[in-house]
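# Secondary and tertiary structure notes
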Amino acid sequence: MLTHIDENNMPRMVDVGAKDESERVATASGIIRMSAEAFAAVKQNTAKKGPVLQTAVVAAIMGAKKTSELIPMTHPLTITSIKTDIEELASECAFKLFVTVKITGKTGVEMEALTGVSVGLLTIYDMLKAIDKSMQITDVVLQRKEGGKSGAYIRG
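The sections below set out a description of the structure shown in this document. Note that the structure is predicted; figures quoted are calculated from it, not measured.

### Things to note about the nonpolar core
Residues I32, M34, V52, V99, V101, I124 and L128 are the most contacted members of the largest nonpolar core, which totals 28 residues. Elements supplying a minimum of two residues to this core: β1 (22-33), α1 (36-43), α2 (52-65), β3 (94-105) and α4 (110-128). Broken down by element, this core gets its largest block of residues, six residues, from α4. With residues up to four places along the chain from it excluded, the contact list for V52 reads V42, A47, I124, M127 and L128.

### As for the pattern of salt bridges
Two side chains carrying opposite charge are able to pair once their charged atoms lie near each other. The full count for this structure, using the stated rule, is eight salt bridges. In this structure, the salt-bridge partner of R33 is E92, at a minimum N-O distance of 3.0 Å. Taken together, the positions of R33 in strand β1 and E92 in the loop between β2 (79-89) and β3 put the pair 59 residues apart, joining distant regions of the chain. R33 sits in the partly exposed class, given a relative accessible area of 25%. E92 sits in the partly exposed class, given a relative accessible area of 36%. For K129, the salt bridge is made with D126, and the minimal N-O distance between the two is 2.4 Å. Connected through shared salt-bridge partners, R33, E92 and D139 make up one network.

### A look at α4
Between the first and last C-alpha of α4 there are 28 Å, a value that for 19 residues agrees with the 27 Å anticipated at 1.5 Å per step. When we look at burial in α4, the residues that qualify are E112, A113, T115, G116, V117, G120, L121, T123, I124, M127 and L128.

### Here's the deal with the sheet that holds β3
One open sheet holds the five strands; their spatial order is β2-β3-β1-β4-β5, and the pairing between them is antiparallel. Strand pairing shows two members of the sheet lacking a second neighbour, β2 and β5 (153-154), which therefore form its edges. As paired elements, β2 and β3 share ten bridges and run antiparallel to each other. Of the residues in β3, the one forming a bridge with E87 is K96.

### A word on the packing of α2 against α4
Between α2 and α4, whose axes approach to 7 Å, the crossing angle comes to 145°. In the packing of α2 onto α4, the handedness of the crossing is right-handed. Residues V52, L53, T55, A56, A59, A60, G63 and A64 of α2 form the contact with α4, whose participating residues are E112, T115, G116, V119, G120, T123, I124, M127 and L128. Among the residues making up the contact of α2 with α4, the classes are represented as ten nonpolar, six polar and one charged.

### A look at a nonpolar patch on the surface
Nonpolar side chains collect at one region of the surface, where L122, I137 and V140 lie side by side and expose about 230 Å² of accessible area between them. Structurally, the position occupied by V140 is in strand β4 (residues 136-146).

### Quick word on unusual backbone geometry
Phi angles above zero are rare outside glycine, and N9 is one such case at about 65°. With respect to the secondary-structure elements, N9 resides in the segment before β1. Although it is not a glycine, D139 adopts a positive phi angle of roughly 55°. Structurally, D139 is set in strand β4.

### Quick word on the environment of K83
Within the secondary structure layout, K83 lies in strand β2. K83 gets classed as exposed once you look at its relative accessible area, which sits at 57%. For the pair formed by K83 and K102, sequence separation is 19 residues and the distance between their alpha carbons is 8.7 Å. When near neighbours in sequence (up to four residues on either side) are disregarded, K83 contacts F98, V99 and T100.

Parameters and conventions
Residues numbered from 1 in each chain as written. Predicted model: local features only at pLDDT ≥ 70, side-chain atom pairs only at ≥ 80, totals over all residues. Heavy atoms only, no water. Core = buried A, V, L, I, M, F, W, Y, C linked by side-chain atoms within 4.5 Å. Buried < 20%, exposed > 50% of the residue type's maximum accessible area, 1.4 Å probe, protein only. Helix = DSSP H or I, 4+ residues; strand = E, 2+ residues; numbered from the N terminus. Contact = heavy atoms within 4.5 Å. Salt bridge = Lys/Arg side-chain N within 4 Å of Asp/Glu carboxyl O. Expected span 1.5 Å × (residues − 1). Pairing = 2+ DSSP bridges. Axes fitted to C-alpha atoms, helices over the stretch in contact; angles between N-to-C directions. Left-handed = near helix turned anticlockwise from the far one by under 90°. Nonpolar A, V, L, I, M, F, W, Y, C, P; charged D, E, K, R; others polar. Patch = residues over 30% accessible without salt bridge, like charges linked within 9 Å, V, L, I, M, F, W, Y side chains within 5 Å. Areas by Shrake-Rupley, 256 points an atom, 1.4 Å probe, with all protein chains shown as cover.

Structure follows, in structure tokens:
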């Protein structure tokens, strides 16, 4: 039986009430590739909409916090920590965004980490689209997760 469909074939949110609370952590990442001109605007802080990477970090945090409003069957969670990191990939004119979300709760935070990455990268696109509409957002993946019944996962 599918977990998000009830016996009458209707959508439902999984009942996590009987699960034990545990510390749960997930890290996701994604890459945005852009033109040399857009990359230089980020590096030199000359984008017309303001500081691109700082804004992307705020957006990533907001995206993670709002996941249950965007993804229908996710549970609203009390997030205890969101950490971000941006790696510069100069040889590719790209940036790689990492988002790590942590809770003590009854369900995982993979979707929150993935949503945070997606919203952060979309914010970079939004802030630079006047310079480069051909930017590519790629490789949005779960890097690792810990906690819960299924245990740890680390991308190989």
